[in-house]
Amino acid sequence: MQAEQVQSKLPAVGTTIFTIMSALANEYKAINLSQGFPDFEVSEELISLVHEYMKKGFNQYAPMAGHPALREQIALKTDKIYHRKYNPDTEITITSGGTQAIYTAIAAIVKPGDEVIVIEPAYDSYVPAILLNGGIPVLYSLYGPDFKIDWTEFAKLISHKTKLIIINTPHNPAGTIFTEEDLNSLSMLLKDTGILIISDEVYEHIIFDGLSHQSVIRFPELLNRSFVVFSFGKTYHATGWKMGYCLAPEYLMKEFRKVHQFLVFSSNTPLQHALAEYMKNANYLELPSFYQNKRDFFLEMLHGSGFSFTPSKGSYFQLLDYSGISNEKDTEFAIKLTRESGVASIPLSPFYKTPPDQHYLRFCFAKKSETLASAAEKLRTL
Ligand code: GLN
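Residues numbered from 1 in each chain as written. Predicted model: local features only at pLDDT ≥ 70, side-chain atom pairs only at ≥ 80, totals over all residues. Heavy atoms only, no water.

Asker: Just to check I follow, could you spell out the site of the ligand for this structure?
Answerer: Around the ligand, the surrounding shell consists of Phe 18, Gln 35, Gly 36, Tyr 123, Asn 172, Tyr 203, Phe 317 and Arg 362. Measuring from an oxygen atom of the ligand, one finds a backbone N or O atom of Gly 36 at 2.7 Å. A distance of 3.4 Å separates a nitrogen atom of the ligand from a polar atom in the side chain of Tyr 123. With the chains in place, 80% of the 300 Å² that the ligand exposes on its own is no longer accessible. Partitioned by chemical class, the residues of the shell around the ligand number four nonpolar, three polar and one charged. (Near = heavy atom within 4 Å. Polar contact = N/O pair within 3.5 Å; in protein donor to acceptor, adjacent residues only side chain to side chain. Areas by Shrake-Rupley, 256 points an atom, 1.4 Å probe, with all protein chains shown as cover. Nonpolar A, V, L, I, M, F, W, Y, C, P; charged D, E, K, R; others polar.)

Okay, structure coming up:
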């Protein structure tokens, strides 16, 4: 069988920009502020719990929908912070990360010819997942420096073929958040339609300046049509554990599980037991100030540099505008910055289908102070 004989299902897709930039960072021994992951440790207590559960023999398949005690903890937490009681038996499923949850929801819902509205810049897994399932991505583009949605313009994209809308708040890569007004506008728009939502809320706790996360769960018109996706990796500094979960009303979760059982069957058992135990303390409460300090430190260290910025409102990403330094394309500038200045970042253009002429790079500030200080020192010399 020759390579030419395989008709690629994703001909336009290459290796993700996260993998490319992390590899380049390693090759040039650059400080890696590209791919989003913390460079500090997971809590000792959580690690000990994982070890304990492995030693106790919790090493075989978990139930398909997830360990019941973990689903129970998630139900309690969701009720406490978003005031909606999800039924752990029928409305909560543990997944192997947020990306798997998003893929699973798309595969469960999208049929060939269905239109799915995606807001770009968009996390890079959304569009390929739609295409693999025969859907048609319909793109609504946001531009800097505000990356704000005009809901009247957005409404023009809705057609009788629209099956699904994918939203993401706090937003990767823009570092913006949806306001209550945004979600009210979306509620008005979807009222009396059968359009479904995937709401990617993996950065729910990483939100700054006293703002509060506007989950679709708080909006009755949205809640009953939404798959809401969360991530343990982001909340517990353990992106490599690939653990997340999805919440959805029973009629949607039933379809989600039909796909989930054949995609992964179930997720890592000892981690689920450990997380169920660890979640009993509300250890996410400190996350906003923890990450706000990192954002502020990084931006303070950039004072006097040639970059300009609007401080990130949420997520652990900060966009920096380099138009005061260069007018090169963002991919070229990001590569040059890695090779010549020793700092790796992510260019914004791969998050668009047709990239606009903007000059932004995304930097991950989920790093130790010394990492951020060394990176900023290099960036200040430009
Ligand atoms: N979510 C992370 C980011 O945006 C990385 C995910 C990945 O590498 N696929 O950087």
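Asker: Teacher, can you tell me more about helix H4 (residues 98–109) here?
Answerer: An α-helical turn contains 3.6 residues, so any two residues separated by three or four positions project in the same direction. Taking 1.5 Å as the rise per residue, H4 with 12 residues should run 16 Å; its terminal C-alpha atoms sit 17 Å apart, in good agreement. H4 sits mainly inside the fold: nine of its 12 residues count as buried. If you check which residues of H4 are buried, you get Gly 98, Gln 100, Ala 101, Ile 102, Thr 104, Ala 105, Ile 106, Ala 108 and Ile 109. (Helix = DSSP H or I, 4+ residues; strand = E, 2+ residues; numbered from the N terminus. Expected span 1.5 Å × (residues − 1). Buried < 20%, exposed > 50% of the residue type's maximum accessible area, 1.4 Å probe, protein only.)

Asker: Where do I start with the side chain of Arg 257 in this structure?
Answerer: When you line up the elements, Arg 257 lands in helix H10 (residues 250–263). Buried and unpaired, Arg 257 has no salt bridge, with Asp 89 as the nearest side chain of opposite charge at 7.0 Å. Dropping the residues within four chain positions of it, Arg 257 is found in contact with Met 64, Ala 65, Arg 71, Pro 88, Asp 89, Thr 90, Glu 91, Ile 92 and Thr 93. (Lys, Arg positive; Asp, Glu negative; His and termini not counted. Salt bridge = Lys/Arg side-chain N within 4 Å of Asp/Glu carboxyl O. Contact = heavy atoms within 4.5 Å.)

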